[in-house]
Amino acid sequence: MTVTQLDKDRILEVHKQTAEVIKKGNGPFFARVYDKDGNIVAEAGNSVVKDNCPVYHAEVNAIRCACANLKTYDLAPYDLSLYVNAEPCIMCVGAIMWSGIKKVYYGVPSKDVERITGFDEGFKPNWHEEFAKRGIEVEGDIEVEAGKKVLEDYVNSGKEVYMPSR
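None of these values were measured; they are calculated from a predicted model.

Once that is clear, we can look at helix 4 (residues 90-99). Among all positions in helix 4, only C92, V93, I96 and S99 are buried. Considered in projection along helix 4, the buried side chains sweep an arc of 135° and stay on one side of the axis. Tucked into the core, helix 4 has its buried residues touching helix 3 (58-70), strand 3 (81-86), strand 4 (103-108) and helix 6 (127-133).

Here you go:
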């Protein structure tokens, strides 16, 4: 799988939408699901704080919406692609793997997400290889600078950087 200009444009749009959902009280992550014909099937922002639920990450919310819109728990027959502004965390990696999504494109890598925001992205050894074993393609580090700017703006705005207490 190679990154096309269309993929770059979609990630830039996801970065733009991330900034928009932040204004509405969401966390600094946004995901969009496309079908093979380029139609948007679902999209969602991170609503952990807004909805008081730690699993409501952008990817999980977008997958939930795609399942509701397509009236199925198995997205595999639909040949869907997920675009997200940042590398999925460990929880989202699991959700994507079990959803049936076929392709994942992401912007900012976890090391930069952690450095900028302080979020704990979790332990994800060899997740690209594990996805490949399951027929899920991954392309990342797309339009990283634009994505890092959105994350930096979120942190600099003083909005909550949420983490479970330990």
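Counting residues in each nonpolar core, the largest one holds 35 residues, and the members touching the most others are F29, V33, I101 and F131. Tallying contributions element by element places helix 3 first for this core, with five residues. Not counting residues up to four positions away in its chain, the partners in contact with F131 are V93, I96, M97, V104, I136 and V138. Residues V21, Y83, Y105 and I142 belong to the second largest nonpolar core, which totals eight residues.

Okay, the pairing of strand 3 next. Most of strand 3 sits inside the fold, with six of its six residues counted as buried. As defined by bridge partners, strand 3 adjoins strand 4 across five bridges and the pair is classed as parallel. The partner of S81 across the bridge, within strand 4, is K103. You can see the chain leave strand 3, run along helix 4 and come back into strand 4, and the turn it takes is right-handed.

We now examine the layout of surface pockets. When its volume is computed, the largest pocket comes out at roughly 390 Å³. Around the largest pocket, the lining comprises 17 residues; the ones closest to its centre are P54, H57, F119, D120 and Y162. Residue composition of the lining of the largest pocket, by class: ten nonpolar, two polar and five charged.

Quick look at the side chain of S81 now. Examined against the element boundaries, S81 turns out to sit in strand 3. On the accessibility criterion, S81 (11% relative accessible area) is buried. Not counting the four nearest positions on each side in its chain, S81 is found in contact with R32, V33, Y34, K103 and Y105.

Here helix 5 (residues 110-117) crosses helix 7 (residues 144-156) at 25°, and the two axes come no closer than 9 Å. Looking at the two axes, helix 5 sits roughly parallel to helix 7. You can see that helix 5 and helix 7 cross each other, and the crossing is right-handed. For the pair helix 5 and helix 7, the contacting residues are D112, V113, R115, I116 and T117 in the first and V144, K148, L151, E152 and V155 in the second. When the residues that make up the contact of helix 5 with helix 7 are grouped by side-chain class, the tally is five nonpolar, one polar and four charged.

The final tally for this structure, using the stated rule, is nine salt bridges. Among the ionic pairs, R115 bridges to D112, the shortest N-O distance being 3.4 Å. Highlighted residues: R115 and D112, both in helix 5, separated by three residues, approximately one helical turn. You can call D112 buried: its relative accessible area is 9%.

For the rest of this paragraph, the subject is the packing of aromatic side chains. In total, this model carries five aromatic pairs according to the counting rule given. With a centroid separation of 4.4 Å and 5° between ring planes, the pair formed by Y83 and Y105 is classed as stacked. Note that Y83 is positioned in strand 3 and Y105 in strand 4, a separation of 22 residues in sequence. Assigned by exposure class, Y83 and Y105 land together as buried. Plain terms: the ring middles of W127 and F131 are 5.2 Å apart, the flat faces sit at 90° to each other, and that makes the pair edge-to-face. With W127 and F131 both in helix 6 and four residues apart, this pair spans about one turn of that helix. For W127, a relative accessible area of 7% corresponds to the buried category. Judged by its relative accessible area of 1%, F131 is buried. One aromatic cluster is present, formed by Y34, Y83 and Y105 through successive ring pairs.

The rules we used
Residues numbered from 1 in each chain as written. Predicted model: local features only at pLDDT ≥ 70, side-chain atom pairs only at ≥ 80, totals over all residues. Heavy atoms only, no water. Buried < 20%, exposed > 50% of the residue type's maximum accessible area, 1.4 Å probe, protein only. Helix = DSSP H or I, 4+ residues; strand = E, 2+ residues; numbered from the N terminus. Arc of directions from axis to C-beta. Contact = heavy atoms within 4.5 Å. Core = buried A, V, L, I, M, F, W, Y, C linked by side-chain atoms within 4.5 Å. Pairing = 2+ DSSP bridges. Right-handed = clockwise from strand over helix to strand, strands pointing away. 1 Å grid on protein atoms, 1.4 Å probe; cavity = no way out; pocket = protein on both sides within 12 Å on 5 of 7 lines; lining within 4 Å. Points joined across faces, edges and corners; volume = space filled by probe spheres on them. Nonpolar A, V, L, I, M, F, W, Y, C, P; charged D, E, K, R; others polar. Axes fitted to C-alpha atoms, helices over the stretch in contact; angles between N-to-C directions. Parallel < 35°, antiparallel > 145°, perpendicular 65-115°, else oblique. Left-handed = near helix turned anticlockwise from the far one by under 90°. Salt bridge = Lys/Arg side-chain N within 4 Å of Asp/Glu carboxyl O. Phe/Tyr/Trp six-rings, centres within 6.5 Å; stacked < 30°, edge-to-face > 60°.

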